[in-house]
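# An overview of the molecular structure
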Amino acid sequence: MIPLLTDCQHARMLANGRANAERMAEDGNTQDFWPVVKLFCPWGAATWLLTEIDPEDEDIAFGLCDLGFGCPELGSVRLSELVAIRGPAGLTIERDLHFKPTKSLTAYAAEANEHGRISA
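First things first, this report covers the structure right here in the doc. Worth saying up front: this structure is predicted, and the values here are computed from it rather than measured.

## Digging into the pattern of salt bridges
Applying the stated criterion to the full structure yields four salt bridges. Two residues, Arg 78 and Asp 57, come together in a salt bridge whose shortest N-O distance is 3.2 Å. Placement of the pair is Arg 78 in strand S4 (residues 73-78) and Asp 57 in the loop between strand S2 (47-53) and strand S3 (60-66), with a sequence separation of 21 residues. On the basis of relative accessible area, Arg 78 is assigned to the partly exposed category, the value being 32%. A residue is classified by how much of its surface remains accessible, and Asp 57, at 25% relative accessible area, is partly exposed. Through salt bridges with shared partners, a single ionic network connects Asp 57, Asp 59 and Arg 78.

## Regarding the layout of surface pockets
Computed from the structure, the largest pocket encloses a volume of approximately 280 Å³. Looking at the largest pocket, it is lined by 19 residues, and the ones nearest its centre are Asn 20, Thr 30, Thr 51, Glu 52 and Phe 62. Elements that contribute at least two residues to the lining of the largest pocket include exactly helix H1 (7-26), S2, S3, S4 and helix H3 (105-115). Of the residues contributing to the lining of the largest pocket, the split by class is nine nonpolar, seven polar and three charged.

## Description of the pairing of S3
For S3, the tally of buried residues reaches five of seven residues, placing the bulk of the element in the interior. As paired strands, S2 and S3 are joined by six bridges and run antiparallel to one another. Across the sheet, Leu 50 pairs through a bridge with Gly 63, a residue of S3. Between S2 and the antiparallel strand that follows it, S3, lie six residues. Here S3 folds back onto S4 in antiparallel fashion, the turn holding six residues, of which Gly 68 has a positive phi close to 90°.

## Quick word on the sheet that holds S2
With antiparallel pairing, the five strands of this open sheet are ordered in space as S4-S3-S2-S1-S5. If you trace the sheet from one side to the other, it starts and ends with S4 and strand S5 (94-95), each paired once. One ladder, built from two bridges, connects strand S1 (residues 37-40) with S5; its direction is antiparallel. Opposite Leu 39, over in S5, you have Arg 95 as the bridge partner.

Basis of the calculations
Residues numbered from 1 in each chain as written. Predicted model: local features only at pLDDT ≥ 70, side-chain atom pairs only at ≥ 80, totals over all residues. Heavy atoms only, no water. Salt bridge = Lys/Arg side-chain N within 4 Å of Asp/Glu carboxyl O. Helix = DSSP H or I, 4+ residues; strand = E, 2+ residues; numbered from the N terminus. Buried < 20%, exposed > 50% of the residue type's maximum accessible area, 1.4 Å probe, protein only. 1 Å grid on protein atoms, 1.4 Å probe; cavity = no way out; pocket = protein on both sides within 12 Å on 5 of 7 lines; lining within 4 Å. Points joined across faces, edges and corners; volume = space filled by probe spheres on them. Nonpolar A, V, L, I, M, F, W, Y, C, P; charged D, E, K, R; others polar. Pairing = 2+ DSSP bridges.

Here is the structure:
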């Protein structure tokens, strides 16, 4: 089984989370990072584009979450919950090994809201 995040992705997401925590404490504004990882449900339409990890709780990731119901939204997800999901024949949530981000998270969110799904 391939882990949801590589060590490099985890480190980048944690650094992004720390940077935005500092910015929130300073002026309330956050940086619009590009997604670090794309996770998906191979037996359904759920997709997650994640940019950062909460430095106070490394089980919480932030990004664009699309559960496949036509209303993708920016929010948080527990990585442990994604790891625990089991589908038909024991399938699990997977990391898109070929994903290369081309824009910021808010640009993906705007496009996803227009189309009713993440199209990355």
